[in-house]
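# Descriptive analysis of the structure
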Number of protein chains: 2
Amino acid sequence: MARPTPLSGFPELLPQARLVEQHVLDVLREVFELHGFSSIETRAVEPLSVLLRKGEIDKEVYGVRRLADGADDTGERGSADDLALHFDLTVPFARYVTENAGHLQFPFRRYQVQKVWRGERPQEGRYREFTQADIDVVDRGSLAVHHDADMARVMGEALARLPLPGVTLQVNNRRLVEGFYRGLGLEGDVLTGSIGATMRAVDKLDKVGARGVADLLAQAGLTRAQADGALGLAQVRAGAGDLVGSVRALGVAHELLDQGLEELLAVLTAVDDLPADRVAVVADLSVARGLDYYTGTVYETRMRGWESLGSICSGGRYDALADDGRDVYPGVGISLGVTRAIIPLLGRGAVRASRPTPTAVVVAVADEAHRREADRVAAQLRARGVATEVSPTAARFGKQIRFADRRGVPFVWFPQEDGSHEVKDIRSGEQVAADPESWLPPAEDLRPTVVAGD
Amino acid sequence: MARPTPLSGFPELLPQARLVEQHVLDVLREVFELHGFSSIETRAVEPLSVLLRKGEIDKEVYGVRRLADGADDTGERGSADDLALHFDLTVPFARYVTENAGHLQFPFRRYQVQKVWRGERPQEGRYREFTQADIDVVDRGSLAVHHDADMARVMGEALARLPLPGVTLQVNNRRLVEGFYRGLGLEGDVLTGSIGATMRAVDKLDKVGARGVADLLAQAGLTRAQADGALGLAQVRAGAGDLVGSVRALGVAHELLDQGLEELLAVLTAVDDLPADRVAVVADLSVARGLDYYTGTVYETRMRGWESLGSICSGGRYDALADDGRDVYPGVGISLGVTRAIIPLLGRGAVRASRPTPTAVVVAVADEAHRREADRVAAQLRARGVATEVSPTAARFGKQIRFADRRGVPFVWFPQEDGSHEVKDIRSGEQVAADPESWLPPAEDLRPTVVAGD
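Report follows, based on the coordinates. (Residues numbered from 1 in each chain as written. Chains lettered and ligands numbered in written order. Predicted model: local features only at pLDDT ≥ 70, side-chain atom pairs only at ≥ 80, totals over all residues. Heavy atoms only, no water.)

The number of helices and strands found in chain A is 14 helices and 19 strands. Reported as C-alpha extents along the three principal axes, the dimensions of chain A are approximately 90 × 60 × 45 Å. With 454 residues in all, chain A has 59% of them scored as buried. If you take every contact in chain A between residues at least 6 apart in sequence, the share linking residues at least 24 apart comes to 69%. (Helix = DSSP H or I, 4+ residues; strand = E, 2+ residues; numbered from the N terminus. Buried < 20%, exposed > 50% of the residue type's maximum accessible area, 1.4 Å probe, protein only. Contact = heavy atoms within 4.5 Å.)

As structure tokens, this is what we get:
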């Protein structure tokens, strides 16, 4: 077999980078569980009929089929019962909720950390296989707006503890935007008519700039005053203190605008205890989110200094995504793109693990006849939580030390002929007597640690 | 949307069952890391050319293709560059090793816990999507046999700590078997000739019994004496003390038999410190393993009282699986079928989590105006590692207590009007004064625990 080559868009990590990813996932799990989220996983595949309900996604979906089925010859591909890999965790979660509603307690809080797949063109921060970490809460019938603030607070708390650059969590509200547009005299809804056209145009603000958006709005038939109003709203950046004033200053009034404004203010107010140097929360009235199932609050998140990656953590309120024909299950959630956030950081050395292996100690083997003795020492150390390997060879000690050094293991243990023991810190060269029943490495060497790079 | 139905073979767990799975994965990770295994993950897809090198697997493989590629119309499916979901973690690991050999330190010890997919007919213990937990060690050039013992010891230690029934870890050695067959005068190798035919026949011993195997051996052209010898070997069950005597008593001699016997004895001897009530290790000379890449030691594992599930933990030595055209990377590993082992146990109540949610405390909310105060109490409790939710509603307290009770949360916290606090154990009804800055639940209530069922 010739050496295989990587598949573009399907990143794989070396062990030292994987330790960073594990650390990130551990922190997320700890924070999510402290806030009472239950873990679930859903199967990797969904029927196409479930995935494609919201349209426009089919370009990005990977179909899945048993090769032995022979169905390739029947021309049946693309039917609604075909399976495909999920492209996010929200749609599968909504399906899981309706399927298991009788066994869940509502409001149901869950976190879900899994791979998802999208057939997008690979580039930095965009992968075809990547890990997402989602939190959502759903209720039956209706879901109080304080949950919208809760999602931002929990994810903000997690982001604050992760070895990432500081972030800006941008919040908007689709009701606010739609109400504002209605107040301008536009018609339709978030998908249709001049409201839908305006939402799609404003969503391109980052890419085409204010003049480009103004052109699109003119094409959509907006008057100059309407276009100016929509662009003015999209340029609002505000905190809890100045949000209402900034929006009112635009001189538009509508009942739906008032409701959205109140909801957005409630979110901003409730998260004012996050550490602003790590997680700044702002109202950013240009945030719209591409997927169309959001109905109220929407979130995006950008890492400071890494804005070109786009949003690493997004989500929102969806009042109508989950519906089993009898009840509706409104939800709100937010999803961290773990792979999208950390692979670029790893690639530029902005975060790293202190060593590539969990091993803290290698026990040296004087000769193969003494391997069992080394095994027993290793078992004694492991019993106190010290990750330990026994040297794979009984080469001369210099070679065994180099073996440990090459893999970044800090300590080598030497059973002595007289039954005593010594341990060497191979960074300093210091070698001291030690008891396998009680010795521990310094706390900072016990496990690999993850640190922001230089 | 009508309520969706589950997909056969793609099991999904409710939160309380998922807690059991998480506990199992946590124990595995801890044991594997204590033994110096690094975590890696590989992409879910491999080119068909990588997966099908070993033949006979294509029936079980799921092909994957971007629906937008339009390739369904070109009739190109089935080409070697097509992607498919991996069906185990050993073949992808071998590919990862050859792809990254320049960045790894050998011998390289890794663990890998991921989903795999096989299009098999679903039944108890057989799924189309399931989680495997693998440990392997590979070296460049050659790999010492003490690693074969190490894999059994590490997985045995993990199995002993898991909330599973006791297991029997059955070890065999393909060199021993092949050497024995050569000593009987058979020809070919593990895949071909009368040796291959005999291996395939003996592998069916469980299904067709000794008489059925004897018929198959006669059809393969073995003499009565050869068939008796092969069946005699397959019926050997021995420990380190009686293995050599049991095999020698069959009166067959061959150099390869001696080598395999020595390797098998070394494995049995090295693992004699496992707790036999939890993990009994025996030589079982009927174990062959279906996949053909094993060359020496092979392992299978059965849970006592659950033998009908088949082997839940299998693996072996593969001297030629990974090869980059310049170097060969022999390896040995063992893989636990996590889903296969735990879903039947969960289904029959043989293991369960103490509650369905991580939450230990629900903080009651007297009215919505006091929600921020409840949020602050929750933050104080979480800072000491107590998983806490704030009541989703400000309903009357009786309803809030029932909310906690329904989801199995043991404590409800009541901020009092005078600024003091009380906490109620809703199982006993006892309510006492408590300080949010110092209160902790009893250790057994802090997190859900996992226990063997009745």
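The next point concerns the nonpolar core. Formed by 87 residues in total, the largest nonpolar core has its most connected members in Leu28, Phe32, Ile135, Leu159, Tyr181, Met303 and Leu336 of chain A. The residues contacting Tyr181 of chain A, other than those within four sequence positions of it, are Leu186, Ile195, Thr198, Met199, Val202, Ala230 and Leu233 of chain A. Val24, Leu143, Leu169 and Tyr299 of chain B belong to the second largest nonpolar core, which has 86 residues in total. (Core = buried A, V, L, I, M, F, W, Y, C linked by side-chain atoms within 4.5 Å.)

With that settled, the discussion passes to the sheet that holds strand β14 (residues 361-363) of chain B. Residues and elements named next belong to chain B. Overall, mixed pairing links the five strands, which are arranged β15-β14-β16-β17-β18 in an open sheet. Sheet topology places β15 (388-390) and β18 (431-433) at the edges, where each strand pairs with a single neighbour. Within the sheet, the average angular offset between the axes of one strand and its neighbour, ignoring direction, is 25°. Helix-sheet contacts for helix α13 (residues 397-406) involve β14, β15, β16 (411-415) and β17 (421-425), and the interaxial angle to β16 is about 150°. (Pairing = 2+ DSSP bridges. Axes fitted to C-alpha atoms, helices over the stretch in contact; angles between N-to-C directions.)

The next thing to look at is the relation of the copies chain B and chain A. Once chain B has been moved 0.0 Å along the axis and rotated by 180°, it coincides with chain A to within an RMSD of 0.1 Å. Such a combination of turn and shift is consistent with a two-fold rotation axis. If distances are taken from each C-alpha of chain B to the rotation axis, the shortest is found for Val64 of chain B, at 2.4 Å. When you check the interface residues of chain B against chain A, 100% turn up at the interface there too, and the contact is symmetric in its surfaces. (Least-squares fit on C-alpha atoms with pLDDT ≥ 70 in both.)

Turning our attention to the packing of aromatic side chains. One pass over the full model with this rule turns up 21 aromatic pairs over all chains. Ring geometry for Phe32 of chain B and Tyr111 of chain B: centres 5.6 Å apart, planes at 50°, overall tilted. Linking Phe32 of chain B in helix α1 (residues 15-34) with Tyr111 of chain B in strand β5 (residues 108-117), this pair joins segments that are 79 residues apart in sequence. Taken together, the ring pairs connect Phe32, Phe37 and Tyr111 of chain A into an aromatic cluster. A cation over a ring is seen here: Arg109 of chain A above Phe37 of chain A, with NZ or CZ 4.3 Å from the ring centre. (Phe/Tyr/Trp six-rings, centres within 6.5 Å; stacked < 30°, edge-to-face > 60°. Lys NZ or Arg CZ within 6 Å of the ring centre and 35° of its normal.)

It is worth spelling out the pairing of β5 of chain B at this point. Residue and element names in this part refer to chain B. For β5, a buried count of nine out of 10 residues is recorded, marking the element as mostly surrounded by other parts of the structure. Sheet topology places strand β1 (residues 38-39) next to β5; two bridges connect them, and they run parallel. In the sheet register, Ser39 faces β5, and the bridge partner there is Tyr111.

All names here are of chain A. Within the secondary structure layout, Gln226 lies in helix α8 (residues 224-234). With relative accessibility at 13%, the residue Gln226 sits in the buried group. Residue contacts for Gln226: discarding those within four places in its chain leaves Leu184, Gly185, Leu186 and Gly221.

Now for a positive patch on the surface. A cluster of basic residues, Arg396, Lys399, Arg402 and Arg406 of chain A, forms a positive patch on the protein surface. Structurally, Arg402 of chain A is set in helix α13 (residues 397-406). (Patch = residues over 30% accessible without salt bridge, like charges linked within 9 Å, V, L, I, M, F, W, Y side chains within 5 Å. Areas by Shrake-Rupley, 256 points an atom, 1.4 Å probe, with all protein chains shown as cover. Salt bridge = Lys/Arg side-chain N within 4 Å of Asp/Glu carboxyl O. Lys, Arg positive; Asp, Glu negative; His and termini not counted. Charge placed at Lys NZ, Arg CZ, Asp CG, Glu CD.)

Take helix α6 (residues 193-202) of chain B next. All names here are of chain B. Summarising burial for α6: eight of the 10 residues are buried, a large majority. Among the residues of α6, those classed as buried are Ser194, Ile195, Gly196, Ala197, Thr198, Met199, Ala201 and Val202. The inward-facing, buried residues of α6 contact α5 (174-183), α7 (205-219) and α8 (224-234).

To continue, consider the environment of His35 of chain A. Relative to the helices and strands, His35 of chain A resides in the loop between α1 (15-34) and β1 (38-39). Exposure remark for His35 of chain A: the relative accessible area of 1% places this residue in the buried category. Sequence-wise, His35 of chain A and Arg109 of chain A are 74 residues apart; in three dimensions their C-alpha atoms are separated by 9.0 Å. Not counting residues within four places of it along the chain, the set of residues in contact with His35 of chain A comprises Arg109, Val154 and Glu157 of chain A together with Arg382, Thr388 and Glu389 of chain B.

This paragraph deals with the pattern of salt bridges. Evaluated as defined, the whole model comprises 68 salt bridges over all chains. A salt bridge links Asp272 of chain A to Arg372 of chain B, with the shortest nitrogen-to-oxygen separation between them at 3.1 Å. Placement of Asp272 of chain A in the loop between α10 (255-270) and β9 (279-284) and of Arg372 of chain B in helix α12 (residues 371-382) is noted, with the two residues assigned to different chains. Judged by relative accessible area, Asp272 of chain A falls into the exposed class, the value being 53%. If you follow the salt bridges from partner to partner, you end up with Arg109, Asp150 and Arg153 of chain A together with Asp375, Glu389 and Arg407 of chain B in one network.

Moving on: the sheet that holds strand β16 (residues 411-415) of chain A. Residues and elements named next belong to chain A. With mixed pairing, the five strands of this open sheet are ordered in space as β15-β14-β16-β17-β18. On the outer flanks of this sheet lie β15 (388-390) and β18 (431-433), each paired with one strand and no other. Within this sheet the neighbouring strands show an average axis-to-axis angle of 25°, counted without direction. Both strand β14 (residues 361-363) and β16 contribute to a ladder of three bridges, which runs parallel. Residue pairing in the sheet places Val361 in a bridge with Phe411 of β16. Along the sheet face, helix α12 (residues 371-382) touches β14, β15, β16 and β17 (421-425) and points at about 180° away from the line of β15.

Attention shifts here to helix α6 (residues 193-202) of chain A. Given 3.6 residues per helical turn, the α-helix brings residues three or four places apart onto the same face. All names here are of chain A. With seven of 10 residues buried, α6 lies mostly within the body of the structure. Along α6, the residues classified as buried are Ser194, Ile195, Gly196, Thr198, Met199, Ala201 and Val202. On its buried face, α6 sits against α5 (174-183), α7 (205-219) and α8.

Taken residue by residue, the interface counts 94 residues in chain B and 94 residues in chain A. Between chain B and chain A, roughly 8,100 Å² of surface is buried when both sides are summed, and carbon and sulfur atoms account for 52% of that area. Where chain B meets chain A, there are 14 salt bridges. Between Arg95 of chain A and Glu12 of chain B there is a salt bridge; the shortest N-O distance is 2.8 Å. When residues of the side of chain B that touches chain A are assigned to their parent elements, the largest contribution, eight residues, is made by α1 of chain B. (Buried area = accessible area lost by both parts, 1.4 Å probe.)

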